[in-house]
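Residue strings, one per chain:
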Amino acid sequence: MFALPANKASRSDIEARGHVKASVRNATFAREALSRRDFVKISGVCAAGLATASAARASEKQTLDADRKGVLVDLTVCVGCRRCEWACNNANELPHGELSDCDDQSVFDSRRRPTSIHLTVVNRVPGRDGAAPTFIKTQCMHCEHPACVSACLVGAMRKTAAGSVIYDASRCIGCRYCMVACPYQFAAYEYEKALTPQVKKCQLCQSRTSRGELPACVAMCPVEALTYGRRDELLKLAHERIDCNPDRYVNHVYGEHEGGGTSWLYLADRPFTELGFPELGPDSPAQLTETIQHGIFKGFAAPIMLFGLLGAIGKLSHARAAHTHAVQTEKVTP
Amino acid sequence: MTRQHSIDASRPRFFTPGVWVVVAIALIGAAALLARFIFGLGRVTNLDNGYPWGIWIAIDVACGVALAAGGFTTAFVAHLTNREEFHPLVRPALLTAMIGYTFVALGVMTDLGRFWAMWHVMLPWMWQGNSVLFEVAICVMTYVTVLYIEFLPIVCERFIGRVRLPGALRVLNGPIDRLLRALDAALGRVMSVFIILGVVLSCMHQSSLGTLMVISGAKLHPLWQTPMLPMFFLLSAFAVGFSMVIFESLLASNSLRFKPETDLLARLARFIPILLGIYTIAKVIDLLNRGAGFHLLDGSRASVLFIIEFGLGVVAPFIILMVDRWRHSARGLFAAASLVIAGVVMNRLDVFLLAYTPTIETRPYFPAPAEFAVTAGFIAMIVLIYRFIVLNFPVIERLEEVRA
Ligand code: SF4
Ligand code: SF4
Ligand code: SF4
């Protein structure tokens with residue numbers, strides 16, 4: 001037997017009958033512990049688990065439509081009127097007050113971030129050498145290969161074929177790993193709710209766009225700083241604008257490649273790092289973890305091999321011990 | 001195998017003045033826990049959108065999992081490489097792992113905003129195979145079950161031949177006893193599979209715990225952020241597993257007043273410097289490889305944290321355990337084990353909290369009183385349960401001798 005040590009029997013007890021018992025015990029282990037049958041059984045269970053897991057994985061394979069949508073934000077156009085904030089709260093049935101409240105400039109005094117009751121916020125970054133300030137609308141970036149989707153263990157975050165990253169509260173367990181994963185950290189959480197908190201973020205007005213309407217913020221923007229459309233066309237448009245006005249823009253469309261690309265794209269008149277945009281490589285943060293994870297668990301090969309290896313070690317060492325004990329017992333017993 | 005085991009009058013009492021203090025901490029923790037479930041995370045914690053994870057994840061879960069590693073490291077050494085001499089250490093380590101992981105699960109549940117939906121993790125149509133957290137969750141759940149199965153023989157041993165239900169229930173004594181005997185026999189036959197499974201599951205989730213923070217990218221300081229995190233976590237789990245066994249064994253012999261098994265522990269301690277050595281080499285190569293080493297000299301908070309973590313938790317115990325005389329003294333062993341434990345705790349805290357900077361810094365996170373209370377309360381409960389089981393079940397061999 002390969003059981004836990006028999007430490008309830010007194011020491012002398014073990015010593016008196018120990019060798020014989022131990023040899024029996026070890027021999028039994030050698031024979032039974034990792035019989036082929038057991039091993040096959042276990043491998044079978046693992047393989048079944050693997051099959052389900054990989055089936056689940058296959059269904060999540062990124063299927064991005066060629067005509068997936070996005071929004072282009074031209075920061076050189078935005079005047080910081082914050083009408084988009086109001087429209088967003090209105091469309092998402094969040095507290096919004098009067099439209100005239102948007103004229104309150106004091107909110108610009110501190111840098112704000114999206115919260116559970118403001119899915120989008122506009123910040124002001126002072127201009128260089130007395131130039132006009134830049135206003136930056138922020139919201140979930142709707143990544144092409146979203147870290148939050150990759151992180152969520154129950155599939156509550158999903159990248160739709162249409163381009164948006166949407167959240168399904170009915171699956172969510174509230175672990176907030178999606179927030180840890182998001183490179184922009186724009187997802188917010190309803191901490192004040194005791195029982196039914198949700199992760200709150202821009203859903204790219206999924207309900208409106210599916211009816212053929214524009215996202216609320218885009219529809220509201222009085223200066224057309226926001227353009228909704230196919231992502232590939234937006235990129236073309238962005239590069240056209242840069243090419244036609246090389247003095248007006250830096251030659252960089254933020255979101256084209258950042259973190260594997262995003263559905264929200266930004267144009268600006270100065271480097272994005274100056275505006276507080278995070279510097280991200282061309283790969284999604286999810287790329288690396290998925291590679292590590294799938295590398296280790298591919299086909300459950302590593303765990304199964306480890307199981308086999310440990311079994312073999314156990315079998316060998318116990319067989320050897322059994323042998324030694326048998327020899328000893330022979331010598332001791334007349 | 002004889003089943004005689006007498007719980008006689010000489011056994012240590014459960015309640016001592018110190019234990020009452022622990023009970024008080026546990027009660028305060030329970031009250032804070034209640035407040036969390038009534039008022040929600042927002043009212044009792046300092047978590048926010050910048051710091052979605054606080055000490056409940058960093059200490060209760062991340063450190064908890066690491067410090068419960070004694071279970072699988074001892075199981076490996078004692079059972080799989082079949083070293084009889086280490087068998088006395090297996091049961092206490094198993095017990096620590098079992099209680100530890102139970103509280104890891106409780107810690108997770110406390111932190112989950114929608115805890116009532118926790119079972120979604122078990123529904124195949126909810127599974128998201130790309131998620132590292134999914135892998136950790138499934139592994140930990142399976143491993144807790146395995147730990148309980150591994151503990152069952154101890155329960156059988158405690159009650160076989162000694163089921164004495166009072167009054168009318170007496171008729172059940174016979175059947176229950178037969179049931180326990182059957183269970184014990186059946187378990188004996190399959191236990192090897194569970195022990196191996198336990199080691200495999202541990203290796204899987206101990207390493208994945210490290211993979212967990214890789215996705216946080218630049219938010220984790222470059223001194224820690226590396227694709228090698230899973231390997232570092234696994235190596236340090238091995239090292240801290242052995243250290244916990246030594247630490248607890250010395251603590252138990254002190255508190256329950258029997259002679260420490262210094263020789264045995266010294267033999268177990270030999271593994272630690274080997275592991276720390278491999279860890280150090282890997283760490284240096286990784287830092288050089290990623291060109292992150294220069295952060296060590298920039299005098300930032302992160303560099304200080306790293307130097308303390310590495311100096312105290314890796315270098316110092318390595319030196320102590322390399323000196324034969326120190327390794328064979330209870331004091332040297334205790335110091336080295338404590339340092340490794342402190343180092344691993346600090347490492348998990350750094351990775352999950354202290355070296356983590358949100359993209360948009362809101363306000364720095366400092367745990368709220370209720371967060372401290374819950375964490376301290378959990379630790380107190382672990383101590384109480386451990387003490388209760390050790391005093392009532394055949395777990396520590398020397399204790400039996402003290403009683404006899
Ligand atoms: S797309 Fe809709 S949800 Fe997103 S910021 Fe605009 S209005 Fe708000
Ligand atoms: S910006 Fe953040 S929340 Fe939005 S899709 Fe990307 S990772 Fe998810
Ligand atoms: S908080 Fe919800 S959506 Fe986010 S990772 Fe956890 S379960 Fe998924």
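Above this text sits the structure in question.
Residues numbered from 1 in each chain as written. Chains lettered and ligands numbered in written order. Predicted model: local features only at pLDDT ≥ 70, side-chain atom pairs only at ≥ 80, totals over all residues. Heavy atoms only, no water.

*Asks:* Give me the environment of B:A58: which residues, what numbers.
*Replies:* Residues and elements named next belong to chain B. With respect to the helices and strands, the residue A58 is situated in helix 3 (residues 55–67). Residue A58 is classed as buried on the basis of its relative accessible area of 0%. With 287 residues separating them in the primary sequence, A58 and V345 have C-alpha atoms 9.0 Å apart. Once residues lying within four places of it in the same chain are set aside, the contact partners of A58 are C63, R348, L349, F352 and L353. (Helix = DSSP H or I, 4+ residues; strand = E, 2+ residues; numbered from the N terminus. Buried < 20%, exposed > 50% of the residue type's maximum accessible area, 1.4 Å probe, protein only. Contact = heavy atoms within 4.5 Å.)

*Asks:* Explain the pattern of salt bridges to me, and be specific about the residues and the numbers.
*Replies:* Throughout the structure, instances matching the rule amount to 22 salt bridges over all chains. One salt bridge in this structure joins A:E213 and A:R208, with 3.7 Å as the shortest N-O distance. On the accessibility criterion, A:E213 (31% relative accessible area) is partly exposed. Notably, a salt bridge pairs B:R290 with B:D286, separated by 3.1 Å at the nearest N-O pair. Residue B:R290 and its partner B:D286 are located together in helix 10 (residues 271–290), separated by 4 residues, close to a single helical turn. Under the relative-accessibility criterion, B:R290 is labelled partly exposed at 27%. Since its relative accessible area comes to 5%, B:D286 is described here as buried. When salt bridges with common partners are traced through the structure, they connect A:R128, A:D269, A:R270 and A:E274 into a single cluster. (Salt bridge = Lys/Arg side-chain N within 4 Å of Asp/Glu carboxyl O.)

*Asks:* Describe the nonpolar core, listing the residues and the values that go with them.
*Replies:* Among the nonpolar cores identified, the biggest contains 156 residues, and A:Y177 and B:F352 are the most heavily contacted of them. Sort the elements by how many residues they give to this core and helix 8 (residues 229–255) of chain B lands first, with 14 residues. In this view, B:F352 contacts B:W53, B:I57, B:A58, B:A62, B:L209, B:L212, B:M213 and B:F233; residues no more than four positions away in its chain are not counted. Residues A:V73, A:I136, A:F186 and A:C217 belong to the second largest nonpolar core, which totals 31 residues. (Core = buried A, V, L, I, M, F, W, Y, C linked by side-chain atoms within 4.5 Å.)

*Asks:* Go over the site of ligand 2, please, and point to the residues and values.
*Replies:* All names here are of chain A. Close to ligand 2 lie C140, M141, H142, C143, C148, V165, C182, P183, Y184 and K201, which account for all nearby residues. Spatially, ligand 2 is embedded in the second largest cavity. A per-class count over the shell around ligand 2 returns 8 nonpolar, 1 polar and 1 charged. (Near = heavy atom within 4 Å. 1 Å grid on protein atoms, 1.4 Å probe; cavity = no way out; pocket = protein on both sides within 12 Å on 5 of 7 lines; lining within 4 Å. Sits in = over half its atoms within 2 Å of the grid points. Nonpolar A, V, L, I, M, F, W, Y, C, P; charged D, E, K, R; others polar.)

*Asks:* I'd like a rundown of the layout of surface pockets, residues and numbers included.
*Replies:* Residues and elements named next belong to chain B. The calculated volume of the largest pocket comes to roughly 1100 Å³. Forming the walls of the largest pocket are 38 residues, and the residues nearest its centre are L251, I379, I382, V383 and Y386. For the lining of the largest pocket, the secondary-structure elements that each account for two or more residues are helix 1 (17–39), helix 3, helix 5 (87–111), helix 8, helix 13 (330–354) and helix 14 (369–392). Among the elements that take part in the lining of the largest pocket, helix 14 stands out by supplying 10 residues, more than any other. Of the residues belonging to the lining of the largest pocket, the class tally is 26 nonpolar, 7 polar and 5 charged. (Points joined across faces, edges and corners; volume = space filled by probe spheres on them.)

*Asks:* Describe in detail the site of ligand 1, supporting the description with residues and values.
*Replies:* Around ligand 1, the surrounding shell consists of A:C88, A:N92, A:T120, A:K137, A:C202, A:Q203, A:L204, A:C205, A:P215, A:A216 and A:C217. A per-class count over the shell around ligand 1 returns 7 nonpolar, 3 polar and 1 charged.

*Asks:* Break down the packing of helix 11 (residues 301–322) of chain B against helix 13 of chain B for me, citing the residues and quoting the values.
*Replies:* Residue and element names in this part refer to chain B. Two elements in contact, helix 11 and helix 13, have axes whose closest approach is 8 Å; the angle formed by their N-to-C orientations is 155 degrees. When the axes of helix 11 and helix 13 are compared, the pair comes out roughly antiparallel. Handedness of the helix 11/helix 13 crossing: left-handed. The segment helix 11 lies against helix 13, with R301, L305, I308, E309, L312, G313, A316, P317, I320 and L321 engaging G332, L333, A335, A336, L339, V340, G343, M346, N347, D350 and L354. (Axes fitted to C-alpha atoms, helices over the stretch in contact; angles between N-to-C directions. Parallel < 35°, antiparallel > 145°, perpendicular 65-115°, else oblique. Left-handed = near helix turned anticlockwise from the far one by under 90°.)

*Asks:* Residues and numbers for the sheet that holds strand 1 (residues 69–74) of chain A, please.
*Replies:* Residue and element names in this part refer to chain A. The strand order across the open sheet built from 3 strands is 8-1-9, with neighbouring strands paired in mixed fashion. Each edge of the open sheet carries a strand with a single partner, namely strand 8 (226–230) and strand 9 (264–267). Across this sheet, the average inter-strand angle for adjacent strands is 25 degrees, counted without regard to direction. In this structure, strand 1 lies alongside strand 8, joined through 5 bridges in antiparallel fashion. When the sheet's bridge partners are listed, V71 is paired in strand 8 with Y228. (Pairing = 2+ DSSP bridges.)

*Asks:* Please set out helix 9 (residues 262–269) of chain B residue by residue, giving values where relevant.
*Replies:* For the α-helix, the turn length of 3.6 residues means that residues three or four positions removed from each other point alike. Across the 8 residues that make up helix 9 of chain B, a large majority, 6, are buried. Where helix 9 of chain B is buried, its residues contact helix 5, helix 8, helix 10, helix 11, helix 12 (324–327) and helix 13 of chain B.

*Asks:* Pulling in residues and values, what's your account of the pairing of strand 1 of chain A?
*Replies:* Residues and elements named next belong to chain A. Among the 6 residues in strand 1, 5 count as buried, and that is most of the element. Here strand 1 runs beside strand 9; their pairing, made up of 4 bridges, is parallel. Along strand 9, the bridge assignment pairs V73 with Y266.

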